[in-house]
Amino acid sequence: MGDCFQTIADIDATAEEAGALGARVVTWLVTEGIVRAERRYEMLGRPVYSPGPRWDDVTEWTNEGGCDGLAVITDPTVFRGSLGSDGSAVCPHCSARATAAPWPEAAEIWHRTGTAELPCPVCDRMVPLPEWTWEGDRFAFAHLGFEIWNAARPRPEFVAEFGRVLGHRIRTVAGKL
Ligand SMILES: [Zn+2]
C-alpha cells in the first residue's frame, strides 16, 4: 500500500514570508496537540513532524500503511496531485478552461521570479499563475505548502482552519505515491 498525501498550499504567501508563516502554523498545530515538535523521519527528503495526541481528531480516516505526519515546504513549488490526472485549468473569473496556455513556460518564469501570469482565452484577463484552479485538484503553485501524510482525508474544517491561521487563500492537492 502506497503513501497518501494531501497538500495545503498557501497561494498568497511570498517567498520572503513563507518561512515565518510555516513556523506560525507549526506552533499552532503543536499547541493544539495535532503534531509534536519532533521530526523523526522524512518523506521525499523532507522532515516530517510526528502526529500529536489529537492527530486522529482532524482526520476522517487514516491510511493503513506508511508513517503519518506533516511536512512544511517553504520553497517555490509546483505541488502535484495524482488522483485526478486529466483536469484542465479553470479561469477563476469566468470559469473558462485554458488547456492550450503555455503552462510550462509560465511555471518556469514563476519559479525563477516568484511571479507569472497567463491570459484567460475567454475573458482576456491576466490571471496570476497560482490563482488558476485545476479540475481534479491537479496542481497548486505556491511558496508555502503543508503536506499531510497518510491521514488520507483531513476533515474539511481542519483544512479551512489553515486559511484562517495564515490569513491567506489556500488550494489543496491530493495524491498517492
Ligand atoms: Zn476568464
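Residues numbered from 1 in each chain as written. Predicted model: local features only at pLDDT ≥ 70, side-chain atom pairs only at ≥ 80, totals over all residues. Heavy atoms only, no water.

A. Structural view of the domain arrangement of the protein. Entries for the protein in the domain assignment read domain 1 (4-82 + 137-176) and domain 2 (89-134). With centres defined by C-alpha atoms, the gap from domain 1 to domain 2 works out at 24 Å. Contacts between the two partners involve 12 residues from domain 1 and, on the opposite side, 10 residues from domain 2. Note on domain 1 versus domain 2: buried area summed over both sides is about 1,100 Å², and carbon and sulfur give 63% of it. Of all residues in domain 1, the largest losses of buried area upon contact with domain 2 belong to P76, F141 and R171, amounting jointly to 50% of the total for that side. (Domains from an automatic or database assignment. Contact = heavy atoms within 4.5 Å. Buried area = accessible area lost by both parts, 1.4 Å probe.)

B. Main features of the coordination of the zinc ion. Looking at the zinc ion, one finds its protein donor set to be C91 (SG), C94 (SG), C120 (SG) and C123 (SG), positioned 2.3 Å from the metal centre. Here the donor residues of the zinc ion share one chain and are spaced in sequence as C-x2-C-x25-C-x2-C. Note on C91: relative accessible area 1%, which makes it buried. (Donors = N, O, S within 2.8 Å, 3.2 Å for Na, K, Ca; no water. Buried < 20%, exposed > 50% of the residue type's maximum accessible area, 1.4 Å probe, protein only.)

C. Molecular detail of the packing of aromatic side chains. With the rule as written, the count across this model stands at 10 aromatic pairs. Arranged with centres 5.3 Å apart and planes meeting at 85°, the rings of W28 and F162 form a pair that is edge-to-face. In this pair, W28 sits in helix α1 (residues 15-31) while F162 sits in helix α3 (residues 156-166), placing the two residues 134 residues apart along the sequence. The residues W28 and F162 share a single accessibility class, namely buried. Joined through ring pairs, the aromatic side chains of W103, W110, W132, W134, F139 and F141 make up one cluster. (Phe/Tyr/Trp six-rings, centres within 6.5 Å; stacked < 30°, edge-to-face > 60°. Helix = DSSP H or I, 4+ residues; strand = E, 2+ residues; numbered from the N terminus.)

D. Main features of the side chain of T59. Looking at where T59 falls in the secondary structure, it is placed in the loop between β3 (46-51) and β4 (69-73). For T59, a relative accessible area of 5% corresponds to the buried category. In terms of polar contacts, T59 uses its side chain to reach the backbone carbonyl oxygen of D56, at 3.4 Å. Those residues within four positions of T59 in sequence are excluded, and the remaining contacts are A151, R153, P154 and R155. (Polar contact = N/O pair within 3.5 Å; in protein donor to acceptor, adjacent residues only side chain to side chain.)

E. How the structure looks around the environment of L129. Relative to the helices and strands, L129 resides in the loop between β8 (126-128) and β9 (133-134). With residues up to four places along the chain from it excluded, the contact list for L129 reads W103, A106, A107, W110, A116, E117, L118 and F141.

F. Highlighting the nonpolar core. Formed by 23 residues in total, the largest nonpolar core has its most connected members in V25, L29, L70, F158 and F162. Breaking this core down by element, the ones donating at least two residues are α1, β11 (144-149) and α3. If you tally residues by element for this core, the top one is α1, at 6 residues. For F158, the residues in contact, after removing those within four places along its chain, are W28, L29, I34, V58 and I148. Judged by nonpolar contacts, the second largest core, of 19 residues, contains W103, L118, V127 and W134. (Core = buried A, V, L, I, M, F, W, Y, C linked by side-chain atoms within 4.5 Å.)

G. Just unusual backbone geometry, in detail. A positive phi is found at S95, a non-glycine position, where the angle reads about 65°. Residue classification places S95 among the exposed positions, given a relative accessible area of 55%. Backbone geometry at D124 places phi at a positive 75°, although glycine is not the residue there. Structurally, the position occupied by D124 is in the loop between β7 (117-119) and β8.

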